[in-house]
Amino acid sequence: MRLSGSEGPINALAFAPDAKYIASGGLRREKLRVWDISRKQVHQVIGDDLERWGQITCILWLAGFSDHGDALCFGTGRGLVLIYQKTKDGDHFKELSSTGVAPFNEPVEAMDFDKKKNRLALSSHAGKIKVFHVEKNGTLIALWTKSWNDIQEARGVIPRSVQFTDKGENIVSFGLESGVMLSKVAATGVDNWSKVLKSSIGNVCFSADRKWLLVDNLAKGFDLYNYPHTSPTDSFQVSRTKAFVQQGVFLEDETSVACGSDHGDIHIFSRGTSTCLQKLRHGSSKTMVQIIDACSTSNEHFIASGTDETKPVIHIWAKKVIEINSALAADAVL
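Just so it is clear, the structure is predicted and the values come from calculations on it, not from any experiment.

How each quantity is defined
- Residues numbered from 1 in each chain as written.
- Predicted model: local features only at pLDDT ≥ 70, side-chain atom pairs only at ≥ 80, totals over all residues.
- Heavy atoms only, no water.
- Helix = DSSP H or I, 4+ residues; strand = E, 2+ residues; numbered from the N terminus.
- Rg over C-alpha atoms; globule rule 2.2 N^0.38 Å.
- Buried < 20%, exposed > 50% of the residue type's maximum accessible area, 1.4 Å probe, protein only.
- Areas by Shrake-Rupley, 256 points an atom, 1.4 Å probe, with all protein chains shown as cover.
- Lys, Arg positive; Asp, Glu negative; His and termini not counted.
- Charge placed at Lys NZ, Arg CZ, Asp CG, Glu CD.
- Pairing = 2+ DSSP bridges.
- Axes fitted to C-alpha atoms, helices over the stretch in contact; angles between N-to-C directions.
- Salt bridge = Lys/Arg side-chain N within 4 Å of Asp/Glu carboxyl O.
- Contact = heavy atoms within 4.5 Å.
- Core = buried A, V, L, I, M, F, W, Y, C linked by side-chain atoms within 4.5 Å.

1. Remarks on the overall build of the protein
From N to C terminus, the protein includes 0 helices and 28 strands. Computed over C-alpha atoms, the radius of gyration of the protein comes to 19 Å, within 12% of the 20 Å expected from 2.2 N^0.38 for 334 residues, which places it in the range of a compact globule. Judged by the C-alpha coordinates and their principal axes, the protein covers about 50 × 45 × 35 Å. Here the protein holds 334 residues, and 56% of them are scored as buried. Carbon together with sulfur atoms contributes 47% to the accessible area of the protein, which is approximately 14500 Å² in total. Here the protein contributes 39 positively and 38 negatively charged side chains, and the mean placements of these two sets differ by 1 Å.

Below, the structure is given as structure tokens:
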């Protein structure tokens, strides 16, 4: 499947938990698009006519947020977090809240949601880690704020990723390029520990069970870590010509991983053997495949990818769950 109509490079992609929709946001036009996957078309375009948002920097679905279903949460380049929810009798998403969580023009870098306690964790470009309680009306109640500059080895580092761990008891954040990994108590923000990975950090992806880390090492591909250890257990080689941040994700119950590249391909590796199982072609040899997301339902596994092109096309690949030994379709069609 190919989804056309985005304006400018894709910054973020996120499948809805049931894979009915995928949301995308980018560098230009301050708009978020919600795509209907079965219909292969835009379901809704969400934007700000007054152009106060800036770019869409990160997207997160709040699974089971209310009786109306999953809510859509996204951060912007001007320090805003917005939450949209479907109306009771409608099929479109309506704004619940818009909250300034960082100073104007300070981007929201990353977010994660603790469904059990309705808490939102986020990081900002200037090095802040913040946790909020999310009310059912979308209001964000600040619980605590900490600065990476309080940690000697993390001063001046951008917290590129933030994740709840240990069933919501702790929060771990990861520093761009530095390799720094910082764990805090989710309830209070008190430090647990700080460690430094062997890899540089571009992007970080946790497995669903929070046992594995897939790290873009900004050099030769991606490294696999058994969290919270600091030495990789395996590596997946993806050649690159420039040290741009690229995304990797876990697939199919963490049995494999998908990694972006700067030459138009998505590389799929076996997690157990590090063998390259398949390459999915997204663009030309100069196309930066920088954004990837994955989702599984009871019937299908999905991979989506976005690029840095000025007129990008989102590609979605699907694989039937029953086709255990088959590869993903080489052409991006459903």
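2. A short note on the sheet that holds strand β2 (residues 10–15)
Taken in spatial order, the 4 strands make up an open sheet running β2-β3-β4-β5, and their pairing is antiparallel. In the strand order of this sheet, the two ends are held by β2 and β5 (41–47), each with one partner. For this sheet the average axis-to-axis angle between neighbouring strands, irrespective of direction, equals 20°. In terms of strand pairing, strand β4 (residues 31–36) meets β5 through 6 bridges, oriented antiparallel. Bridging from a neighbouring strand, W35 pairs with V42 of β5.

3. Points about the pattern of salt bridges
Per the counting criterion, the structure on display carries 11 salt bridges. Its salt-bridge partner being D114, residue R119 comes within 2.8 Å of it at the nearest N-O pair. Judged on exposure class, the residue R119 and its partner D114 are both buried.

4. Let's talk about the environment of W61
When you line up the elements, W61 lands in strand β6 (residues 56–66). For W61, a relative accessible area of 8% corresponds to the buried category. When the C-alpha atoms of W61 and P17 are compared, they prove to be 7.4 Å apart, with 44 residues separating the residues in sequence. Here W61 is in contact with A14, F15, A16, P17, Y21, A23, D70, A71, L72 and F93, once residues within four sequence places are set aside.

5. A look at the nonpolar core
Residues L214, F236, F250, V257, A258, I266 and I303 are the most contacted members of the largest nonpolar core, which totals 21 residues. Look past the residues within four positions of L214 in its chain and what remains in contact with it is N203, V204, C205, F222, D223, F236, G248, V249, F250, V257 and A258. In terms of nonpolar packing, the next biggest core, distinct from the first, is built from 18 residues, A16, V34, I59 and F74 among them.

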